[in-house]
Amino acid sequence: MTENLTLQQAQKLVLASQGIFNPRKNVPAIEQTLLTIEKLGYIQIDTISTVQRAHHHVLWSRNPKYQNAQIDKLVAERKIFEYWSHAASYLPMKDYRFSLFRKNALLKGEEKHWFKKDLQLMDLVLNRIKNEGPLMAKDFGSEKQTKAWGSKPAKQALENLFMQGELMITSRKNFHKVYDLTENVLPNDIYIRLPSKKEYHRFLINNYLKANGIGQASEISYLLKNTKTHIAAELKEMHSSGELTKVTVNGIDYFALPKSLALLDKPLNCKQLKILSPFDNLLIQRKRMLNLFDFDYQIECYLPETKRKYGYFSLPILWNGSFAARMDCKADRKTSILNIHHLALEEGLGDRDAFALALCKELEAFKEFNNCMEIRLHKTSPSDVKPLIKKTLLT
């Protein structure tokens, strides 16, 4: 049996599952950060620092009390760890054993990594860390050392050892990874039994649906090699057994956890405006956002400047449960100015005065999050909204 959801119900279910609204007010800030990572399943790590990096931004969007140092603290406390999701990510340590499925496949050569394995160099790298303790890639790069220790080959060796599970990242220094032996990083009580193929694919399904409300096989297997066929089979079996509910939204079939549908009966304070990262878990899959929110989004930093419509790093703006605008901005660390190069409203945006008020309120918090003292608005689309935003910023 299939349950029909309206588009508005589906949007509410997705937003409620993502935890963007209604944070737990009585929970300590760092605990809220950990709960957010555990709920979402991963936080993507990104190097772009036009504004605060994506992993900080995603957490701040859901936890107003978030501080950047909390991630380092949670890594040090062995409550989260770095590994690969669909991209480089922070993952909950409680889910560690499910990373073993991919690590084991890479170790056995059943799955290929993008770096070719130099087994001799990998042994040398591993032995140095065993003898010297945690090291960074740059610790292997010196003109006085042998050619084998050139930074690029050593970095590849480190990454191969990391991906196949022999090394973990114990910390970062100025965003550079510090590698150590896995046994030195894992908590003593961590469960490390390798999951079966069935366990692994069911974990992917449950994790995705818990964080996203509804999903399809293609979405759950997004950028996860060799998983789609297995996930599709498990979805069918889990639906037959009653573990999952099938729902239809605008003629498109999805699956959901039955208990998640109860979120539709709970209030969701989605009137608050949210400035999101381009790598936010909510919208990382662009086709899904188009189907469910009619939001055709593309990050344009990878496009030539002449082909950009909205700007280098336009941030999606969520308001009243819909995507209301995009804001291309940059935090100038030298001048402490948050420059809004282009604010583009979506077509059909309703009450501009209410939007301007909500945006400017959130911009004050966003300015502080980016360690800025001033906001400068340069361009808006349409252009006649610029005076309204500037006026509201000053009141």
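Since the model is a prediction, treat every value here as computed from it, not as a measurement.

Visitor: What is the right way to look at the nonpolar core in this model?
Guide: Across soluble globular proteins, nonpolar side chains have a tendency to be buried as a group. Counting 105 residues, the largest nonpolar core has Ile-214, Met-327, Leu-343, Phe-355 and Phe-366 as its most contacted members. It is helix H13 (residues 352-369) that contributes the most residues to this core, 8 residues altogether. In terms of nonpolar packing, the next biggest core, distinct from the first, is built from 16 residues, Leu-204, Leu-209, Ile-220 and Leu-224 among them.

Visitor: Explain helix H2 (residues 29-40) to me, please; I cannot follow it from the model alone.
Guide: Because each turn of an α-helix spans 3.6 residues, side chains separated by three or four positions end up pointing in the same direction. For H2, with 12 residues, the first-to-last C-alpha span of 17 Å sits near the 16 Å given by 1.5 Å per residue. Those residues of H2 not exposed but buried are Gln-32, Thr-33, Leu-34, Thr-36, Ile-37, Glu-38 and Leu-40. Just downstream of H2 lies Gly-41, where phi reads positive at about 90°.

Visitor: What am I meant to see in the side chain of Asp-180 here?
Guide: Within the secondary structure layout, Asp-180 lies in strand S6 (residues 176-181). Of the buried charged residues, Asp-180 lacks a salt bridge, with Arg-78 as the closest side chain of opposite charge at 7.1 Å. Other than its neighbours up to four places away in sequence, Asp-180 contacts Ile-129, Pro-134, Glu-166, Leu-167, Met-168, Thr-170 and Val-185.

Visitor: Just to check I follow, could you spell out the pairing of strand S5 (residues 167-173) for this structure?
Guide: The two faces of a sheet get side chains in turn, since along a regular strand they alternate between them. Note that S5 and S6 share 6 bridges and pair antiparallel. The residue of S6 that forms the bridge with Arg-172 is Lys-177. The hairpin formed by S5 and S6 contains 2 residues between the paired strands, and Asn-174 there has a positive phi angle of roughly 55°.

Visitor: For this particular structure, what's the right way to read the packing of helix H3 (residues 54-62) against H13?
Guide: Helix-helix packing is described using two parameters, namely the angle between the two axes and the distance between the axes. Where H3 contacts H13, the two axes come as close as 12 Å, and the packing angle between them is 140°. The angle between the axes of H3 and H13 places the two elements in the oblique class. Here H3 and H13 pass one another in a crossing that is right-handed. Contacts between H3 and H13 involve His-56, His-57 and Trp-60 from the former and Glu-362, Ala-365, Phe-366 and Phe-369 from the latter.

Visitor: What is the right way to look at the sheet that holds strand S2 (residues 43-44) in this model?
Guide: The 3 strands are arranged S2-S4-S3 in an open sheet whose pairing can be described as antiparallel. Each of the sheet's edge strands pairs with one partner strand only, and the pair in question is S2 and strand S3 (80-84). H2 rests against S2, S3 and strand S4 (88-92) of the sheet, and its axis sits at about 105° to S4.

Visitor: What am I meant to see in empty space enclosed by the protein here?
Guide: It is the rolling of a water-molecule-sized probe over the atoms that shows where space remains empty. For the coordinates displayed, the defined rule picks out 1 cavity of 30 Å³ or more. The space that makes up the largest cavity amounts to roughly 30 Å³. Lining the largest cavity are Val-75, Arg-78, Ile-80, Phe-81, Met-93, Met-168, Ile-169 and Val-185. Mapped onto the lining of the largest cavity, the elements with two or more residues apiece are S3 and S5. When its residues are assigned to classes, the lining of the largest cavity shows 7 nonpolar, no polar and 1 charged.

Visitor: Help me understand the sheet that holds strand S8 (residues 252-256) in this model?
Guide: Each strand in a sheet pairs with its neighbour through backbone hydrogen bonds, running either in the same direction (parallel) or in the opposite one (antiparallel). On the basis of which strands lie adjacent, the open sheet formed by 3 strands has the order S1-S7-S8 and mixed pairing. Among the strands making up the open sheet, the edge pair consists of strand S1 (2-5) and S8. The sheet shows a mean angle of 35° between the axes of neighbouring strands, taken without regard to direction. Summarising the sheet, S1 and strand S7 (residues 245-249) pair through 4 bridges and their orientation is parallel. Bridging from a neighbouring strand, Asn-4 pairs with Thr-248 of S7.

Visitor: Whenever I open this one, the layout of surface pockets confuses me. Can you help?
Guide: Computed from the structure, the largest pocket encloses a volume of approximately 830 Å³. Around the largest pocket, the lining comprises 43 residues; the ones closest to its centre are Ser-85, Tyr-200, Leu-204, Leu-224 and Thr-227. Those elements giving two or more residues to the lining of the largest pocket turn out to be S3, helix H5 (100-108), helix H9 (197-212) and helix H10 (217-220). Looking at the lining of the largest pocket element by element, the count peaks at 9 residues for H9.

Visitor: Looking at this structure, I do not really get unusual backbone geometry. What am I missing?
Guide: Keep in mind that most residues, glycine aside, have a negative phi and that most peptide bonds are trans. Look at the link from Ser-381 to Pro-382: it is a cis peptide, with omega at 0°. Examined against the element boundaries, Pro-382 turns out to sit in the loop between strand S14 (380-381) and helix H14 (386-394). Here Asn-226, not a glycine, exhibits a phi torsion of approximately 60°, which is positive. Along the chain, Asn-226 falls in the loop between H10 and helix H11 (228-240). Given the relative accessible area of 63%, Asn-226 is considered exposed. Here the phi dihedral of Asn-371 falls at roughly 60°; this positive angle occurs in a residue that is not glycine. If you trace the backbone, Asn-371 turns up in the loop between H13 and strand S13 (374-377). Given a relative accessible area of 59%, Asn-371 falls into the exposed group.

Procedures and definitions
- Residues numbered from 1 in each chain as written.
- Predicted model: local features only at pLDDT ≥ 70, side-chain atom pairs only at ≥ 80, totals over all residues.
- Heavy atoms only, no water.
- Core = buried A, V, L, I, M, F, W, Y, C linked by side-chain atoms within 4.5 Å.
- Buried < 20%, exposed > 50% of the residue type's maximum accessible area, 1.4 Å probe, protein only.
- Helix = DSSP H or I, 4+ residues; strand = E, 2+ residues; numbered from the N terminus.
- Expected span 1.5 Å × (residues − 1).
- Lys, Arg positive; Asp, Glu negative; His and termini not counted.
- Salt bridge = Lys/Arg side-chain N within 4 Å of Asp/Glu carboxyl O.
- Contact = heavy atoms within 4.5 Å.
- Pairing = 2+ DSSP bridges.
- Axes fitted to C-alpha atoms, helices over the stretch in contact; angles between N-to-C directions.
- Parallel < 35°, antiparallel > 145°, perpendicular 65-115°, else oblique.
- Left-handed = near helix turned anticlockwise from the far one by under 90°.
- 1 Å grid on protein atoms, 1.4 Å probe; cavity = no way out; pocket = protein on both sides within 12 Å on 5 of 7 lines; lining within 4 Å.
- Points joined across faces, edges and corners; volume = space filled by probe spheres on them.
- Nonpolar A, V, L, I, M, F, W, Y, C, P; charged D, E, K, R; others polar.

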